[in-house]
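Understanding the architecture of this molecule
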Amino acid sequence: MSIIPVLLWTDALLFFLVLAIVLAVFYARGKEHLAAPWRQVMRSRMGVASMLVLLIYVCIGVLDSMHYRKALPSQENAGEQHYSAEVLSVLDLLMGPIKDNVETTYSAPFATHAFAREMQQLPDGQQQRIYPRLKYAGIHLDDPQTDRFADIFSRSMMAVLSGFLGLLMFALLLVLWLSKRQSKSFKEMFNLVVRGRTEVPWRVLLLTLGIMFVLLCWCAMLGSKYHILGTDKVGQDVFYLAMKSVRTGLLIGTLTTLVMLPFAILLGIMAGYLRGWVDDVVQYLYTTLSSIPGVLLIAAAVLMLQVYIANHPELFETDAARADLRLLFLCVILGITSWTGLCRMLRGEAMKLREMDYIEAAVAFGVGKSKIITRHILPNVMHIVMIAIVLDFSGLVLAEAVLSYVGVGVDPSMHSWGNMINGARLEMAREPMVWWSLMAAFIFMFILVLAANLFSDAVRDAFDPRLRK
Amino acid sequence: MLAYIIRRVLYALPILMGVNLITFTLFFVVNSPEDMARMQLGAKHVTEEAIDKWKAERGYDKPLLINNQASGIATFTDTIFYDKSVKLFAFEFGSADDGRDIGYDISQRMWPSLAIALPNLILGLLAYITFALLVAFFRGTYMDVGGVILCVVLMSVSGLFYIIGGQYLVGKLLHLVPVSGYDVGLESIKFLILPVLIGVVAGIGSSTRWYRTIFLEEIGKDYVRTARAKGMPELAVLFKHVLKNAMIPILTGVVVILPLLFMGSLITESFFGIPGLGSYTIDAISSQDFAIVRAMVFLGSVLYILGLILTDISYTLVDPRIKLS
């Protein structure tokens, strides 16, 4: 079946961001002053472990950003090829069965029967209210009541085993590579890694990776046979929904910063270095913007965006394009409310820097103002920018959930943790409670935010000159 | 002092005008009142009369900035800008979509908000300062490392989880207090316990960590070393010297948010069914009542700027080294 690739706005920006990071890494490798703090991050155990977790999230996000549309089976006389309105991603392809196994309504994690009773016709014509068997979960079992736990257990054991095998292979390759590079014998290197005596904490890295491998195998092996996190109201697999939400969370956390960064850097440095009326204008601008409570400004802007979208339906080819544009605007609006803090900090730093001897020397040599800003001030405030980027990330991921709850978050049709929580909240009053959607969203969000917080601590320790020993 | 306050209030005016201009642009220029009417009345199949009626009901049927049909001063006063934006400065918020006076509703609803926010703030401060002092006392030990890691874990949990989890645990499993609702007078206390408790718990992670850094910064200073050199016991150093001096950044941080306490919290109030300004705003957002949202944006900015002014004044009160200029 032929497909057509779809490039949404946020996809393009995400790819651009990943590319920029890769290029920045290559650029920084040759520059000692840039590489040194990153090496320090790589030496901290928390740093590498959290970085690995973040990397896995980013991989999921990137896979989910490669979008395409399937061609519809063409009619006989139609010359033009039509494409389905549903925008799919590579992640959908990889999670194939998990995505397509849609039940009718709620079911608990690992359940083989639905959560609610349904009226069913018995063979003898009578009607009875029973818990119907699920269509896709545990269908390979003859008698779910007795076989289920044994089946889950044996599959889990298999998953753990294959996860460990994968880890072992990886660890051996890694040690082999390390021993080649540091010209030590294999056994020597192996001992160093196992005892955690290496400069880069490989042991922690391998342990984290091991947990990830095992989890991955477990999800893959059980995910196709059961709904490992249950199903939601319309019967979709909650695990699939939570995975799809990763991209939204990542985008909110990164694009917002990307959007605000140019404004904050440019205006902050200009205000601090040029002073005079520029300073007054910039100060007025950020005081005004920051005096509006953030949620209210976002709410007002998103309400207006809704009005705009409702009145211009012709602009969007697919639902995904509409949801995507709303996400992008949400990032812009979040950026507008959050650039003021960074701008204020940069202004203060630039004011400090302009009194430094080397700037005075540059002025004495007749270096122009724009050159001083780009060559001398900008590189020296980059550590603040770096710290601000990673510090903001976790807050923004959490903010998404709150905004979606308030009703001014991402498009309701978009997969996001906020929407999952918002949808599940209405079922709180149910007895017994439908807890799995909430739990899945919270756990996915918690792991990402925790990793981001730990990573930002490591980055701050490495980049903040006041903390440097 | 008085001259300083007056000058600060005058400085605040252009900022409020800026806020006003931003909201005006957002609500009336980005989308015309006609677009809003179309959206609320159901997009496509709307008659012109219905739109005109909708606009007339809300007073949106006037020109935006300049009314050419009116004469004299009315050229500028008989416009949307004057009616909807300039009048905000006099705290005339107009009426909501259901015809109720927004100003009256705000004056009624700010008290429940305050009844949650104020105990939340005070109890929170006590708890966070105690924890932070404890962690700072054990600095450099495993207690400290463990405490900081615990803080990071706690602050990584979504605020919504604290509320939903707390409601489930305390309200539904233990049946200690009602899950949501509100009452007047002393009866309200049983409704307030849970939201306040959850509010305090939700803030432990980030606040304790923040106060810990403040304390550690203060502990590293020379006067602390002098006090120790004179043979002062560590606990006395912490309470007599460090706590007193660290209170300056802590208190000024609190003063900024004091006026904003009236605004309440959107999430807490809507989860617990508290009839405060937070749930007022959230209801307005979900029913797309633009007039209320506009009023709340303006009110929020006024209270924030008030907080900034109070902060500057409180600086001089707690720290005699700072002089107003």
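Every value quoted in this text rests on a predicted model; they were computed, and no experiment measured them.

Here we come to the overall build of chain A. Looking only at helices and strands, chain A features 16 helices and five strands. Principal-axis analysis of the C-alpha atoms places the extent of chain A at approximately 100 × 70 × 55 Å. For chain A, the residues scored as buried account for 48% of the 469 residues in total. Long-range pairs, those at least 24 residues apart, make up 71% of the contacts in chain A with a sequence separation of at least 6. As displayed, chain A offers around 23,900 Å² of accessible surface, 65% of which is attributable to carbon and sulfur atoms.

When its secondary structure is counted, chain B shows 14 helices and zero strands. Secondary structure elements in chain B, listed N-terminal to C-terminal, are α-α-α-α-α-α-α-α-α-α-α-α-α-α. For 325 residues, the compact-globule formula gives about 20 Å, and the C-alpha radius of gyration of chain B, at 25 Å, lies well above that figure. Of all 325 residues assigned to chain B, the portion counted as buried reaches 46%. Long-range contacts, defined as pairs at least 24 residues apart, comprise 67% of the intrachain contacts of chain B with a sequence gap of at least 6. A total of about 16,400 Å² of accessible surface is found on chain B, and carbon and sulfur atoms cover 67% of it. Averaging the locations of the 26 positively and 26 negatively charged side chains of chain B gives two centres separated by 12 Å.

Residues and elements named next belong to chain A. Within the fold, Q283 resides in helix α10 (residues 276-291). Taking relative accessible area as the criterion, Q283 reaches 27% and is therefore assigned partly exposed. C-alpha separation for the pair Q283 and G272, spaced eleven residues apart in sequence, amounts to 10.0 Å.

Right, let's get into the nonpolar core. The biggest cluster of nonpolar side chains holds 196 residues, and the ones touching the most others in it are I377, W417, I421 and M445 of chain A together with I102, Y211 and F215 of chain B. A domain-level breakdown of this core finds at least three residues from each of domain 1 (2-90) and domain 2 (108-318) of chain B. Once residues within four sequence positions are removed from consideration, I102 of chain B is found in contact with F93, G94, S95, A96, Y280, A291, I292 and A295 of chain B. Membership of the second largest hydrophobic core comes to 13 residues, among which are V48, V175, M189 and L209 of chain A.

The subject of this paragraph is the packing of helix α10 (residues 222-229) of chain B against helix α11 (residues 234-257) of chain B. All names here are of chain B. Following both chains from N to C, one finds α10 and α11 inclined at 155 degrees, their axes separated by 10 Å at the closest point. Taken together, the axis directions place α10 and α11 in an arrangement best described as roughly antiparallel. The hand of the α10/α11 crossing is right-handed. Where α10 abuts α11, its residues Y223, V224, A227 and R228 lie against E234, V237, H241, V242 and N245. Along the lines of polarity and charge, the residues of the contact of α10 with α11 split into five nonpolar, two polar and two charged.

The next thing to look at is helix α13 (residues 277-286) of chain B. α13 of chain B sits mainly inside the fold: eight of its ten residues count as buried. One or two residues past the end of α13 of chain B sits Q288 of chain B, with phi positive at roughly 55 degrees.

On to the domain arrangement of chain B. All names here are of chain B. We note that the domain assignment places domain 1 (2-90) and domain 2 (108-318) within chain B. On a C-alpha basis, the centroid separation for the pair domain 1 and domain 2 is 36 Å. Across the contact, 19 residues belong to domain 1 and 15 residues belong to domain 2. Both faces considered, domain 1 and domain 2 share a buried interface measuring about 1,600 Å² in area, 75% of it formed by carbon and sulfur atoms.

Attention now moves to the interface of chain A and chain B. Between chain A and chain B, the residue contacts involve 46 residues of the former and 43 residues of the latter. Of the roughly 3,900 Å² buried where chain A meets chain B, counting both sides, 78% is carbon and sulfur surface. Per-residue buried area on chain A facing chain B is highest for L296, M304 and Y405 of chain A; these three make up 16% of the total on that side. Where chain A touches chain B, the interface holds one salt bridge. The residue D457 of chain A makes a salt bridge to R209 of chain B at a minimum N-O spacing of 2.9 Å.

As a further point, take the packing of helix α11 (residues 294-311) of chain A against helix α2 (residues 33-41) of chain B. Two numbers describe how α11 of chain A lies on α2 of chain B: the axes approach to 9 Å, and their chain directions differ by 75 degrees. Considered as vectors, α11 of chain A and α2 of chain B are oriented roughly perpendicular to each other. Contact with α11 of chain A, carried on its side by M304, Q306, V307, A310 and N311 of chain A, involves D35, M36, R38 and M39 of chain B of α2 of chain B and no other residues of that element. The class makeup of the residues in the contact of α11 of chain A with α2 of chain B is five nonpolar, two polar and two charged.

We now examine the sheet that holds strand β1 (residues 3-6) of chain A. Residue and element names in this part refer to chain A. As summarised here, the arrangement of the three strands in space is β1-β2-β3, forming an open sheet in which the pairing is antiparallel. The open sheet terminates on both sides in strands that have one partner only, identified here as β1 and β3 (83-89). Across the sheet, the axes of successive neighbouring strands diverge by a mean angle of 30 degrees, strand direction being ignored. With four bridges joining them, β1 and strand β2 (residues 67-71) adopt antiparallel strand pairing. Of the residues in β2, the one forming a bridge with P5 is Y68.

Moving on: the confidence of the model for chain A. In this model, chain A carries a mean pLDDT of 83, and residues with pLDDT of at least 70 account for 96%. The lowest-confidence element of chain A is strand β4 (residues 118-121) of chain A, averaging 72 in pLDDT; the highest-confidence one is helix α13 (residues 357-364) of chain A, averaging 90.

All names here are of chain A. Inspection of the sheet shows β4 paired to strand β5 (residues 127-130) by four bridges, in the antiparallel sense. Pairing of Q120 across the sheet is with Q128, part of β5. Taken together, β4 and the strand that follows it, β5, pair antiparallel across an intervening segment of five residues, in which G125 is found at a positive phi of about 95 degrees.

Time to look at the pattern of salt bridges. Residues and elements named next belong to chain A. As enumerated under the stated definition, the model contains 17 salt bridges over all chains in all. The partner of R247 in a salt bridge is D11, with the nearest N and O atoms 2.4 Å apart. Pair noted here: R247 is in helix α9 (residues 238-274) and D11 is in helix α1 (residues 9-29), with a separation of 236 residues, a long-range link. By relative accessible area, which is 6% here, R247 ends up buried. The residue R275 makes a salt bridge to D279 at a minimum N-O spacing of 3.1 Å. Given a relative accessible area of 30%, R275 falls into the partly exposed group. The exposure class of D279 is buried, given its relative accessible area of 3%.

Its 15 residues give helix α8 (residues 159-173) of chain B an end-to-end C-alpha distance of 20 Å, which sits within 8% of 21 Å, the value for a rise of 1.5 Å per residue. Every buried residue of α8 of chain B is listed here: L160, Y162, I163, I164, G166, Q167, V170 and G171 of chain B. Where α8 of chain B is buried, its residues contact α14 (369-406), α15 (417-425) and α16 (436-463) of chain A together with α7 (142-156), α9 (189-219) and α12 (266-272) of chain B. For α8 of chain B, the N-terminal capping position is held by S158 of chain B, with its side-chain oxygen 3.2 Å away from the main-chain nitrogen of L160 of chain B.

What counts and how
- Residues numbered from 1 in each chain as written.
- Chains lettered and ligands numbered in written order.
- Predicted model: local features only at pLDDT ≥ 70, side-chain atom pairs only at ≥ 80, totals over all residues.
- Heavy atoms only, no water.
- Helix = DSSP H or I, 4+ residues; strand = E, 2+ residues; numbered from the N terminus.
- Buried < 20%, exposed > 50% of the residue type's maximum accessible area, 1.4 Å probe, protein only.
- Contact = heavy atoms within 4.5 Å.
- Areas by Shrake-Rupley, 256 points an atom, 1.4 Å probe, with all protein chains shown as cover.
- Rg over C-alpha atoms; globule rule 2.2 N^0.38 Å.
- Lys, Arg positive; Asp, Glu negative; His and termini not counted.
- Charge placed at Lys NZ, Arg CZ, Asp CG, Glu CD.
- Core = buried A, V, L, I, M, F, W, Y, C linked by side-chain atoms within 4.5 Å.
- Domains from an automatic or database assignment.
- Axes fitted to C-alpha atoms, helices over the stretch in contact; angles between N-to-C directions.
- Parallel < 35°, antiparallel > 145°, perpendicular 65-115°, else oblique.
- Left-handed = near helix turned anticlockwise from the far one by under 90°.
- Nonpolar A, V, L, I, M, F, W, Y, C, P; charged D, E, K, R; others polar.
- Buried area = accessible area lost by both parts, 1.4 Å probe.
- Salt bridge = Lys/Arg side-chain N within 4 Å of Asp/Glu carboxyl O.
- Pairing = 2+ DSSP bridges.
- pLDDT = per-residue confidence, 0-100.
- Expected span 1.5 Å × (residues − 1).
- Polar contact = N/O pair within 3.5 Å; in protein donor to acceptor, adjacent residues only side chain to side chain.

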